[in-house]
Amino acid sequence: MRSFVRTVGPSRVLFGAGTLQQVRAEAERLGGTRVLLLSGPSLRKHADRVRAALGDLLVAEFDGAAMHTPVEVTARALAVLHEQRADCLVALGGGSTTGLAKALALRTDLPQVILPTTYAGSEVTPVLGETAKGEKVTRSSPAILPETVVYDVELTLDLPVAMSVTSGVNALAHAVEALYSPDADPVTDAIALEAVSAIARALPALGDDPSDLEARADLLRAAWLAGTCLGTVGMGLHHKLCHTLGGSFGLPHAETHTVVLPHAMAYNAPAAPEAMARIAAALGVPEAPGGVFDLIRAAGGPTSLRELGMAEGDLDRAAELAASKPYPNPRELTRDGIAGLLREAWEGRRPTGAPAPAAAAAAPDLSALTGEVVASFDNCPDPRAKELLTDLVRTLHGYAVRNDVTQAEWQRAIGFLTEAGHITSDTRQEFILLSDTLGVSSVVDALSNSRTPGTTPSAVLGPFYVPGPPAAEHGSDIALGLAGTPLWSDVRITDPQGAPVAGAVVDVWQSDADGFYDIQLPDLDGPVLRARFHTDDDGRVTFWSILPSPYPIPDDGPVGRMLEAVGRHPYRAAHLHFLIKAPGYRPLTTQLFVKGGAYLDGPPGQRDTVFGVKEELVTEFAPRTGPTPDGRPVEGEWRLLEFAFRIARTVPTDPTETA
Ligand code: NAD
């Protein structure tokens, strides 16, 4: 059963062609005797008709409304209002002029009659977004909701097609987000779907004939319906993002809505499959985010934030701002998720995974099948296993559907995994290589280990760790005579405050000077370049080894062929591995990278092939000649590595985290 609460504002709505003539009667109905008319310079022709209709009721005018309702503009209009002792507001224009009327009504409680000329929908909401000192703040109050809206289709006939498209998509966004709003009720559902299908009909028709009265009426009615949704239920990620992009980066309102909507929908789609299916049906397309993108592109609307003038360098800050305050949204909001969405929107790509129109046309609805598989986990006693399997199935089904995967492609994918299984042995782990080269290991590593500020960053374990390495004494040489530039490592393990951690177990492993680990060299007798140390009372460990070098991950298997197929190299930047454990502390798996070495920077695909490098882990392996710290005679150059690892204390509430 669906529970809901529905509260509707008391607006009076007149809809038709030529309704403008009734503006005087409507103002008088609200007790108006002295009208302040708000309008804009681009609406002179219509303003003349409103003036004529108002007659001697009109005592003052203001035509300086600006987007996002800056408070200084409101102050100027307020001065005119007081000077002329106006007792009623009539606003002719888009969302900006309506916003000004609302801001004045909020301050004076005067009644408002709004004559909308765009499809923004603001005229039927009790919401006002005002900008002060560069920040847009939204508030809601019954005093803000206009008393009367006079929709006159003739006022929209000369709204340029480009603006009609973006403004129409602004309305579409209200309807879309209403359909997955937690406050939605059967009435908002119905009117939102009606708005979606009217917009889907009207936008292409306007492209053919911008003065098509029926198409204009469809759009204006949809604007009212969608605006009603906006005024009744809470909006989600899409509106929050557009609010941020408009308020903090000055991007134009309707255009920003147009670019962002398909991407916000794609982000939310996995968490709102039912709403997306209904939107897709109303649009008459197989899937909603791609369908909205295609509708916009076909109508000639903007598709990238780049073309709206947004600087690439602002994307991160925008993601930060949009993720900073929690708000209801069907899918969990993460900074990285929003950053990815914004990147797609900035580039102007068709939402990732959405099938190309030709393939999509024939795609069957598989949601029942997905639902059945998910339901098959209902009796799983382990809630985490159930959660992970459910999302895995949804993600895999969605992947196949979005990409219209063919049987041959799926067979190839299974063949790839089979081959990875066959080549995997005790000393060769192709699945770790796959996880590493797709960046998944780094994602899981970051999720598991990067939540303790003030400690040394972690890095992936990699495929060459062997549990239980041989114990070694401080100062010993773990290279056991292998050729290479001698390296003296002097490392300390401390707590987050810098106090030494005595008795910590420190496992070290690395490649030789040619880039091979011992387990890759069958001729070697026993473990080399890997050892286990225990820190002394100062938290220190010292040992000799050799300078590691960059090396290719094993690339003679399916992962190597995958890298070759996409034009990627198989190299890792030179590094030393550490795995540190101590009672009362969280284990730290990390790597130190040789500063100045290859594959540390460069364009994506040219850096470390497992995405393991973190700036704080790039360390000086300083060249030295002459006497060594322990007096060992060395001819020529040797290197010195000094590093202090800060490890995090165990979170007391997590008893599983012991060394
Ligand atoms: P707008 O009102 O700023 O209008 C854009 C431009 O189009 C202006 O230059 C305007 O003069 C011109 N114009 C408007 N109608 C025209 C017509 N018929 N013919 C020719 N030119 C015309 O833009 P908008 O997209 O309607 O509104 C955007 C503003 O509304 C933003 O500030 C936004 O935050 C706000 N808004 C608020 C709500 C709410 O519920 N509070 C809802 C939607 C939009």
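Residues numbered from 1 in each chain as written. Predicted model: local features only at pLDDT ≥ 70, side-chain atom pairs only at ≥ 80, totals over all residues. Heavy atoms only, no water.

## Topic: the overall build of the protein chain
For the protein chain, the count of helices and strands is 20 helices and 19 strands. Counting only C-alpha atoms and orienting by the principal axes, one finds that the protein chain spans roughly 105 × 55 × 45 Å. The proportion of buried residues among the 659 residues of the protein chain is 48%. Partitioning the intrachain contacts of the protein chain with sequence separation of at least 6 by distance along the chain shows that 74% fall at a separation of at least 24. Surface summary for the protein chain: the accessible area is close to 29,900 Å², and the carbon and sulfur share equals 55%. Measuring between centres, the 55 positive side-chain charges of the protein chain sit 6 Å from its 80 negative side-chain charges. (Helix = DSSP H or I, 4+ residues; strand = E, 2+ residues; numbered from the N terminus. Buried < 20%, exposed > 50% of the residue type's maximum accessible area, 1.4 Å probe, protein only. Contact = heavy atoms within 4.5 Å. Areas by Shrake-Rupley, 256 points an atom, 1.4 Å probe, with all protein chains shown as cover. Lys, Arg positive; Asp, Glu negative; His and termini not counted. Charge placed at Lys NZ, Arg CZ, Asp CG, Glu CD.)

## Description of the pairing of strand E19 (residues 638-646)
Inspection of the sheet shows strand E9 (residues 486-494) paired to E19 by eight bridges, in the parallel sense. Directly across from valine 491, in E19, lies its bridge partner phenylalanine 643. (Pairing = 2+ DSSP bridges.)

## Concerning the side chain of arginine 568
Residue position: arginine 568 is located in the loop between helix H20 (558-565) and strand E14 (571-572). The side chain of arginine 568 is buried and forms no salt bridge, while aspartate 608, the nearest opposite charge, is found at 8.6 Å. A distance of 3.0 Å separates a polar side-chain atom of arginine 568 from the backbone oxygen of threonine 437. For arginine 568, the residues in contact, after removing those within four places along its chain, are Thr437, Leu563, Gly605, Thr609 and Phe611. (Salt bridge = Lys/Arg side-chain N within 4 Å of Asp/Glu carboxyl O. Polar contact = N/O pair within 3.5 Å; in protein donor to acceptor, adjacent residues only side chain to side chain.)

## Quick look at a nonpolar patch on the surface
Taken together, the side chains of Leu389, Leu392, Leu396, Tyr399, Trp410 and Ile414 make up a nonpolar region of the molecular surface, amounting to roughly 560 Å² of accessible area. When contributions to the nonpolar patch are tallied by element, the ones reaching two or more residues are helix H16 (383-403) and helix H17 (407-423). Looking at the nonpolar patch, the element that brings in the most residues is H16, giving four residues. Along the chain, the position of tyrosine 399 falls in helix H16. With a relative accessible area of 45%, tyrosine 399 lands in the partly exposed category. (Patch = residues over 30% accessible without salt bridge, like charges linked within 9 Å, V, L, I, M, F, W, Y side chains within 5 Å.)

## Observations regarding the sheet that holds strand E16 (residues 588-594)
Note on sheets: strands pair through backbone hydrogen bonds, and any given pair is parallel or antiparallel. If you walk across this open sheet you meet the five strands as E11-E10-E15-E16-E17, and the pairing is mixed. Among the strands making up the open sheet, the edge pair consists of strand E11 (530-534) and strand E17 (618-619). Here strand E15 (residues 575-581) runs beside E16; their pairing, made up of six bridges, is antiparallel. For histidine 575, the partnering residue across the bridge sits in E16 and is phenylalanine 593.

## Section: the domain arrangement of the protein chain
When cut into domains, the protein chain gives domain 1 (4-347), domain 2 (367-403) and domain 3 (436-646). For domain 1 versus domain 2, the separation of C-alpha centres amounts to 37 Å. (Domains from an automatic or database assignment.)

## Concerning the environment of proline 328
Summarising the element assignment, proline 328 is placed in the loop between helix H12 (315-324) and helix H13 (335-347). Relative accessible area serves as the criterion here: at 51%, proline 328 is assigned to the exposed category. For the pair proline 328 and lysine 595, spaced 267 residues apart in sequence, the C-alpha to C-alpha distance is 45 Å. Once residues lying within four places of it in the same chain are set aside, the contact partners of proline 328 are Pro182, Met235 and Gly236.

## Examining the site of the ligand
The ligand sits among 23 residues. The nearest are Ser42, Ser96, Thr117, Thr125 and Met163. Separating an oxygen atom of the ligand from a side-chain N or O atom of serine 96 is a distance of 2.5 Å. Here the ligand, which alone exposes 860 Å², has 83% of that area covered by the protein. Those elements that place two or more of their residues in the shell around the ligand are helix H4 (95-108) and helix H9 (253-268). Ranked by residue count, the leading element in the shell around the ligand is H4, at three residues. (Near = heavy atom within 4 Å.)

## Here we look at the confidence of the model for the protein chain
Looking at the protein chain as a whole, its pLDDT mean stands at 91, while 95% of the residues score no less than 70. Low confidence marks residues 354-361, where pLDDT is under 50. Its contacts with residues over four positions away, or in another chain, come to 14 contacts. Every residue in residues 652-659 is under pLDDT 50, and counting partners more than four places away or in other chains gives six contacts. (pLDDT = per-residue confidence, 0-100.)

## Things to note about the sheet that holds strand E4 (residues 88-93)
Read across the sheet, six strands follow the order E1-E8-E5-E4-E2-E3 without closing on themselves; strand pairing throughout is parallel. Of all strands in the sheet, those with a lone pairing partner are strand E1 (12-16) and strand E3 (58-62), marking the two edges. Each strand axis lies, on average, 15° off the axis of its neighbour in the sheet, ignoring direction. Here E4 runs beside strand E5 (residues 112-116); their pairing, made up of five bridges, is parallel. Looking at E5, one finds that leucine 92 is bridged to leucine 115. Its contacts with the sheet put helix H2 (residues 44-54) on strand E2 (35-38), E3, E4, E5 and strand E8 (148-152), and the angle it makes with E4 is roughly 155°. Set on the sheet, helix H3 (residues 71-83) makes contact with E2, E3 and E4; between it and E3 the angle comes to about 160°. (Axes fitted to C-alpha atoms, helices over the stretch in contact; angles between N-to-C directions.)

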